[in-house]
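# Secondary and tertiary structure notes
Chain by chain, the residues:
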Amino acid sequence: MEKYVAIYVRRSVSDRDKGNNSLSIDSQKADCMKQLKKGEKYRLYCDDGKSGKDIAHRPEFQRMMDDAKAGLISRIVVKKYDRFSRNLREYLNVTDVLDRYGVSVISLTEPFNTETKEGRLMRNNLLNFAEFERETIAGRVADAYGTRAAETGFYQGGKVYYGYIPERRTVNGKTGSVLVPSDRADVVRTAYTLYKNPDISLSNVLSYFIQNGIEVNIDPKKNMDRSHLSQILKSPLYVRADKEVYQYFVSKGYRIIDDVEAFDGVHGCFRHKQADGINYIKIGYHEGLVDAETWLMVQDKKSRNSKFRNNGNARNSWLTGLAKCSHCHYALALIYSWNASRTKRWRYYDCSGAYKANGCIQKRLQTRPDDVESLVFAAMKKRLEELTIAKTEKREPDAAAESIKAEIIRIDGEIRKLMDKIADADATLFRYIQDRVNELHERKSALELECQSKARKHKEIDTAPLADPMSRWDTLSTEEKHTLAATMINVVYVSDKDGISIDFSI
């Protein structure tokens, strides 16, 4: 099939109104035809009265590109590159696509003849500069977004948050978008209230909404599913963040922009990601929808559920996934031994860490799984009794915790004083202040973790949902026992030498 030369001409309405004869259709065609060899076939593609702002709304240009892709065109002749597009980057991108089709482009006015190696070199250099410009602009936009997100509690746009709508407001002399509760806010509140119950699943929550005729659509074409609901239930956006929530974020390793005083039990939080991938928390100007206690209960439950999903099949032992070697902290696997007639079976623990490089010091444990289960069950009963008694007793102030809080306040005061001196500091003093502030921040983080740990230990636990199944322990299935154990326990460490150690989550 013999190929032909394409001549592309375009004139916008503004060119025609200005009476620019050099850009008339006939003038462009005549100039382009001078590039044809004697007897060479050509086809004219003409977009008269079409703007050059983009290529999507020009039918003849699109037809020319289709013909080029089909292998009908050898080269394209255009009077000026702006006949292709007023955007140089778009012109360069189009010629790059045509290159892949084996079609060269000749501009009569600019040195963009891609038939020659010099023209291709210039085009490629310009493409590289255009790509550099795009990346630079994208970087600036990302930096600007990150700066605004860290400096203000305004909604930065983009993702639409369920239960809120943005509203323009002025806060602290600056105007921006603040999230305000929408008509779906009650759906979020109800979801948290239901899900904090240990016996309620994500599916149960969605079923409740359906049975009560409550619309929970994400958009007009998509209903909320378990994945969407799960994301809502772990978002810090909805919590009325107080000091305990602050301590929770510290324990999770988040960078926190605001001081602890900003966690006032009213406002929600934004979770953003820095360029280095580290997540940070910023108090927003919007009010949270869910109280801190409910939100933290849901986070604790989701954390345990996440652990439970990775625990594997619990049909053979209700401690599957919870029992680990105290030496290497790898999981303990159940293995079985039979007598000669295979009428009696014994269970043993094998340490999976023994099969790793530089394996564990022990492979087969002498401590029997039956004994571990009996001891852990007894410890669970005792733990539940202690929690029940603690709820009825008046708790005395924790002197150690109060001392830690006082030290945190003192450190905050020293940091503020040092920051006030930065403006007048020379280079040497500036470095000293910087090092000292970093040292104080590390000390403060360690104290906050310790304070958070103490607060968790003294936090009242609702023991009612645990008491009933514990009283019916012998009637529970292995899976039910496992679920109950995973609710109360983080891990059970087992060792022939050191015995059994239980890390309770409540």
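Above this text you will find the structure in question.
Residues numbered from 1 in each chain as written. Predicted model: local features only at pLDDT ≥ 70, side-chain atom pairs only at ≥ 80, totals over all residues. Heavy atoms only, no water.

## As for the environment of A379
Stated precisely, the cut-off is as follows: Runs of H or I in DSSP of at least four residues are treated as helices and runs of E of at least two as strands, each being numbered from the N terminus. Contact criterion: two residues are considered in contact whenever any of their non-hydrogen atoms come within 4.5 Å of each other.
Within the secondary structure layout, A379 lies in helix α12 (residues 369-392). Placed 123 residues apart in sequence, A379 and I502 show a C-alpha to C-alpha distance of 8.3 Å. With sequence-adjacent residues up to four places away left out, A379 is seen in contact with I502 and F504.

## Looking at the pairing of strand β11 (residues 279-287)
The side chains of a regular strand alternate between both faces of the sheet. Quick reminder of the rule: Each pair of strands is called paired provided DSSP finds at least two bridges between the two strands.
Where strand β9 (residues 255-256) meets β11, 2 bridges bridge the pair, whose relative direction is parallel. Looking across to β11, one finds that R255 is bridged to Y280. Note that strand β10 (residues 267-273) and β11 share 6 bridges and pair antiparallel. Bridge pairing in β11 places K273 opposite N279.

## Thoughts on the pattern of salt bridges
Basically, it comes down to this: A pair is scored as a salt bridge if a Lys or Arg side-chain nitrogen falls within 4 Å of a carboxyl oxygen belonging to Asp or Glu.
Applying the stated criterion across every chain yields a total of 22 salt bridges. Of the charged contacts, one joins E386 and R383 as a salt bridge, the two residues approaching to 3.9 Å between their closest N and O atoms. One end of the pair, E386, and the other, R383, are both in helix α12, 3 residues apart, so they sit about a helical turn from each other. Close ionic contact of E407 with R410 constitutes a salt bridge, the shortest N to O distance being 2.9 Å. Of this pair, E407 and R410 both sit in helix α13 (residues 399-421), 3 residues apart, which is roughly one turn of the helix. Shared partners join several salt bridges into a network, and the residues in it are E407, R410, E414, R436 and E439.

## What about helix α15 (residues 464-471)?
Rules: The rule is simple: take the accessible area with a 1.4 Å probe, protein chains only, and divide by the maximum for that residue type; under 20% is buried, over 50% is exposed, in between is partly exposed. For this quantity, the arc is that covered by the directions from the helix axis to the C-beta atoms.
What α15 keeps buried is the set L466, P469 and M470. Seen end-on, α15 carries its buried residues on one side only, within an arc spanning 105 degrees. In α15, the exposed positions that point more than 90 degrees away from the buried face belong to A464 and S471.

## Section: unusual backbone geometry
A positive phi angle, near 55 degrees, is found at N172, a position not held by glycine. When you line up the elements, N172 lands in the loop between β5 (164-171) and β6 (174-181). Given the relative accessible area of 71%, N172 is considered exposed. If you check the backbone angles, H329 has positive phi at about 65 degrees while not being a glycine. Along the polypeptide, H329 turns up in the loop between β12 (323-325) and β13 (332-338). Residue class for H329 comes out partly exposed when judged on its relative accessible area of 43%.

## Brief notes about the side chain of K444
Its location among the elements puts K444 in helix α14 (residues 427-458). The buried category is assigned to K444, whose relative accessible area is 4%. Once you skip the residues sitting within four places of it in the chain, K444 turns out to touch Y246, D259, I408, I411 and D412.

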